[in-house]
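# Observations on the three-dimensional arrangement
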Amino acid sequence: MTTVMTDQTDNSTSQPGSPLEQARREKIAKLIELGVDPWGGRFDDRAMIGDIRARDSEIVYRTEDGTDHPLPDFNNVAEDFNFRQWKADLGKGQMLGPQVRAAGRIVLHRDKGKLNFIDIRDMTGDLQLMVGKKQVGDDWAIVEQLDLGDIIGVDGMLGRSNTGELSIFAERIHFLTKSIETPPDKHSGLQDPELRQRMRYLDLIHTEGMLPRFLERTKIVRSIRETLNEQNFVEVEGPTLHSVAGGAAARPFKTHHNALDIDLTMRIALELHLKRLMVGGIERVYEMGRVYRNEGIDQSHNPEFTMLEVYQAYGDYRSMMDLTEKCICGAIESLVASRESRESGATKDSSQLATCDYQLNWADKTIDFTPPFERRTYDDLIREHAGVDPTDETAVAEMAASIGIETEGRHPDVIKNDLFEAKVEEHLVGPIFVIDYPSSICPLTKRKRDNPAIAERFELFVHGMELANAYTELNDPDLQEKLFQTQLAGMNEEDSMAKMDTDFIRALRYGMPPAGGLGIGIDRLVMLLTNTQSIRDVILFPLLRPEQTKDD
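Residues numbered from 1 in each chain as written. Predicted model: local features only at pLDDT ≥ 70, side-chain atom pairs only at ≥ 80, totals over all residues. Heavy atoms only, no water.

The next subject is the overall build of the protein. When you go through the protein residue by residue, the secondary structure sums to 16 helices and 22 strands. Projected onto the principal axes, the alpha-carbon positions of the protein cover approximately 85 × 60 × 50 Å. At a minimum sequence separation of 6, the contacts of the protein that also span at least 24 residues come to 66%. About 27,800 Å² of surface is accessible on the protein, with carbon and sulfur atoms providing 47% of the total. Distance from the positive charge centre (65 side chains) to the negative charge centre (94 side chains) of the protein: 3 Å. (Helix = DSSP H or I, 4+ residues; strand = E, 2+ residues; numbered from the N terminus. Contact = heavy atoms within 4.5 Å. Areas by Shrake-Rupley, 256 points an atom, 1.4 Å probe, with all protein chains shown as cover. Lys, Arg positive; Asp, Glu negative; His and termini not counted. Charge placed at Lys NZ, Arg CZ, Asp CG, Glu CD.)

Below, the structure written as structure tokens:
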């Protein structure tokens, strides 16, 4: 029996809660009486459940004549397969499997008297424990104190139950953490979306598919970093507190630094500091980090979100299209390999994929990410979906006014962009690169040499949602300064990108190489690749109103 004494305070002094909580506290007291620390300690050499499940091929059935018989492939047996009968047909014998050590949270507990069936879960999956009173000996006293939600460790042999369920036949039980709170009801679970987001820790434990989704998010992020690192990009960390909010059209969060007695804003973009680094000689640079915009909340917007920005010297917006495809397709390959590993139980990475199907489910639709992605011009799409000549300012204004867009005193290109958002974006199934925007609404973008009214910019859309934004970067300091000084009629002053960052202009005067720049919304990408319809379900802790208490 585990004999580590607890160094915690006497739990009998805790205020009693509900009867269910009190029952759990009584079990804590019993564990202490047994000499067991209810909060556990170091537990070395445990294997992840996913790795243990991958060892099922090591299990054999040894008959009395000493012959080892490999077990059937339980992933492909018939529904009516009878494992008990399969063993009987071979004759008397015993199952032999590897000795394993696992740890996890109890998510299912069936008490059959002297035999308990317990399912534990770690971040790689679930596994059944078969815990017999005779087999675990003195540790049975610990088993009697177990509740749903407790965290335990187990030593035993990996095998299969009479029904064929992969299981650890427990020989030792180690108590690692008591759960004082009772888990949500197994059938109704966590139904309220806001409660799930507020209590994400319970959501991860009890909402099917939630933990795998956030683990897939980490795989997407890791894959993007690997793709960029392979292309010799350097990852950096820029400041999150700015004296001038720049690099995007957005309303910032404002704050104040007491020691310096200056007003600051949380960053709305990563762009201007990364460009400074290109001036300094870091020719391929990126940052993946949080940005903050004091704006609305909906299915695809959260006030703080994760943005990737990448800048490549001697490239342009076409270079960024190629890089965008590499990053997204690499992430899909990583996910496909991960999902195949989870299904087969064998570790696999994207380099081991024979082929990759780039078609992913999105709600009731399918997105085909097979490269190359479609490329269409901004004006052609307005012509096609709005039914108006985009070069005819009067016709565009009339069409905009007919659908309720304000036109009085506003710049024609601002009106046209509102029309694009209202009439075109919903038709962009994609993935599709929308290229060549009006230069007047793109103050950080280089113009086309043969048509300065057009900016070398693209936005990547998938099912009407903007996923990426990229430019051939403007590196003319005089033109940049002039554009910063220009405020287009109809643009909200505090939302405008036309903010004068004098130090950035000074940096450009020292010479920034011609470059392509790219921004990808990581949260939206995760939504699309994991078939999630709300951005709040791919952000671990989305912004919520403060929880109401009895004192409020």
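Bringing the packing of helix 8 (residues 210-230) against helix 16 (residues 522-529) into the picture now. The interhelical angle for the contact between helix 8 and helix 16, taken along N-to-C directions, is 120°, at an axis separation of 10 Å. Looking at the two axes, helix 8 sits oblique to helix 16. For the crossing formed where helix 8 meets helix 16, the hand is right-handed. Contacts between helix 8 and helix 16 involve Arg 217, Ile 220, Val 221 and Ile 224 from the first element and Ile 522, Asp 523, Leu 525, Val 526 and Leu 529 from the second. Taken together, the residues of the contact of helix 8 with helix 16 sort by class into seven nonpolar, no polar and two charged. (Axes fitted to C-alpha atoms, helices over the stretch in contact; angles between N-to-C directions. Parallel < 35°, antiparallel > 145°, perpendicular 65-115°, else oblique. Left-handed = near helix turned anticlockwise from the far one by under 90°. Nonpolar A, V, L, I, M, F, W, Y, C, P; charged D, E, K, R; others polar.)

Once that is clear, we can look at the state of the cysteines. Throughout the structure, instances matching the rule amount to zero disulfides. Unpaired in terms of disulfides, Cys 329 finds its nearest cysteine sulfur in Cys 356, a separation of 7.9 Å. (Disulfide = S-S within 2.5 Å.)

Let us now look at unusual backbone geometry. Across the junction of Pro 371 and Pro 372, the peptide omega takes the value 0°, indicating a cis bond. Here Pro 372 shows up in the loop between strand 16 (365-368) and strand 17 (374-377). The peptide bond linking Gly 430 to Pro 431 adopts the cis configuration, its omega dihedral lying at 5°. Turning to its location among the elements, Pro 431 is positioned in the loop between helix 13 (412-423) and strand 18 (432-438). The residue Tyr 314 is not glycine, and still its phi comes out positive at about 70°. By the secondary structure assignment, Tyr 314 is in the loop between strand 14 (304-313) and helix 10 (317-344). Among the residues examined, Tyr 314 registers a relative accessible area of 58% and is labelled exposed. Located in the positive-phi region is Asp 436, a residue other than glycine, with phi close to 65°. Note on placement: Asp 436 falls in strand 18. Classification of Asp 436 by relative accessible area gives buried; the value is 13%. (Buried < 20%, exposed > 50% of the residue type's maximum accessible area, 1.4 Å probe, protein only.)

Before going further, it helps to spend a moment on the environment of Val 291. Following the sequence through the fold, Val 291 ends up in strand 13 (residues 284-292). With 170 residues separating them along the chain, Val 291 and Phe 461 place their C-alpha atoms 21 Å apart.

Whether parallel or antiparallel, the strands of a sheet pair through hydrogen bonds between backbone atoms. Spatial ordering of the open sheet is given by 2-1-3, a layout of three strands whose pairing is antiparallel. Lying at the two open borders of the sheet, with one neighbouring strand each, are strand 2 (68-70) and strand 3 (93-96). Taken over all neighbouring pairs, the strand axes of this sheet differ in orientation by 30° on average, direction set aside. Relative to strand 3, strand 1 (residues 60-63) runs antiparallel, the two sharing four bridges. For Val 60, the partnering residue across the bridge sits in strand 3 and is Leu 96. On top of the sheet, helix 3 (residues 83-90) reaches strand 1, strand 2 and strand 3; it is set at about 35° to strand 1, its chief contact. (Pairing = 2+ DSSP bridges.)

It is worth spelling out the pairing of strand 1 at this point. Every regular strand shows the same layout, with side chains that alternate between the two sheet faces. Summarising the sheet, strand 1 and strand 2 pair through three bridges and their orientation is antiparallel. Counted as the bridge partner of Tyr 61 is His 69 from strand 2. The turn joining strand 1 and strand 2, which pair antiparallel and follow one another in sequence, is formed by four residues; a positive phi near 90° is taken by Gly 66.

By secondary structure assignment, the location of Arg 213 is in helix 8. Buried Arg 213, no salt bridge; nearest opposite-charge side chain is Asp 537, N-O distance 4.5 Å. When residues no more than four places from it in sequence are discounted, the contact partners of Arg 213 are Thr 530, Thr 532, Asp 537 and Val 538. (Salt bridge = Lys/Arg side-chain N within 4 Å of Asp/Glu carboxyl O.)

Okay, the pattern of salt bridges next. Throughout the structure, instances matching the rule amount to 41 salt bridges. The salt bridge involving Asp 44 is made with Arg 42; its shortest N-O contact spans 2.8 Å. Residue Arg 55 is joined to Glu 58 by a salt bridge in which the shortest nitrogen-to-oxygen separation is 2.9 Å. The network of salt bridges with shared partners includes Lys 27, Asp 147, Asp 150 and Lys 178.

Where helix 14 (residues 477-484) contacts helix 15 (residues 502-509), the two axes come as close as 9 Å, and the packing angle between them is 160°. Put simply, helix 14 runs roughly antiparallel to helix 15. Pair helix 14 / helix 15 crosses with right-handed handedness. Contacts from Pro 477, Gln 480, Glu 481 and Phe 484 in helix 14 reach Phe 504, Ile 505, Leu 508 and Arg 509 in helix 15. By residue class, the composition of the contact of helix 14 with helix 15 is five nonpolar, one polar and two charged.

Moving on, we come to the packing of aromatic side chains. Per the stated rule, a full pass over the model turns up twelve aromatic pairs. Aromatic pair Tyr 378 and Tyr 437: ring centres 4.6 Å apart, planes at 45°, arrangement tilted. On the criterion of sequence distance, the pair formed by Tyr 378 in helix 11 (residues 378-385) and Tyr 437 in strand 18 is long-range, its members being 59 residues apart. Of the two residues, Tyr 378 and Tyr 437, both sit in the buried class. Each member of the aromatic cluster is reached from another via a ring pair, and the members are Tyr 61, Phe 74, Phe 81, Phe 83 and Trp 86. Over the ring of Phe 233 we find Arg 284, and its NZ or CZ is 5.3 Å from the ring centre. The aromatic ring of Tyr 437 is capped on one face by Arg 457, whose charged end is 4.4 Å from the ring centroid. (Phe/Tyr/Trp six-rings, centres within 6.5 Å; stacked < 30°, edge-to-face > 60°. Lys NZ or Arg CZ within 6 Å of the ring centre and 35° of its normal.)

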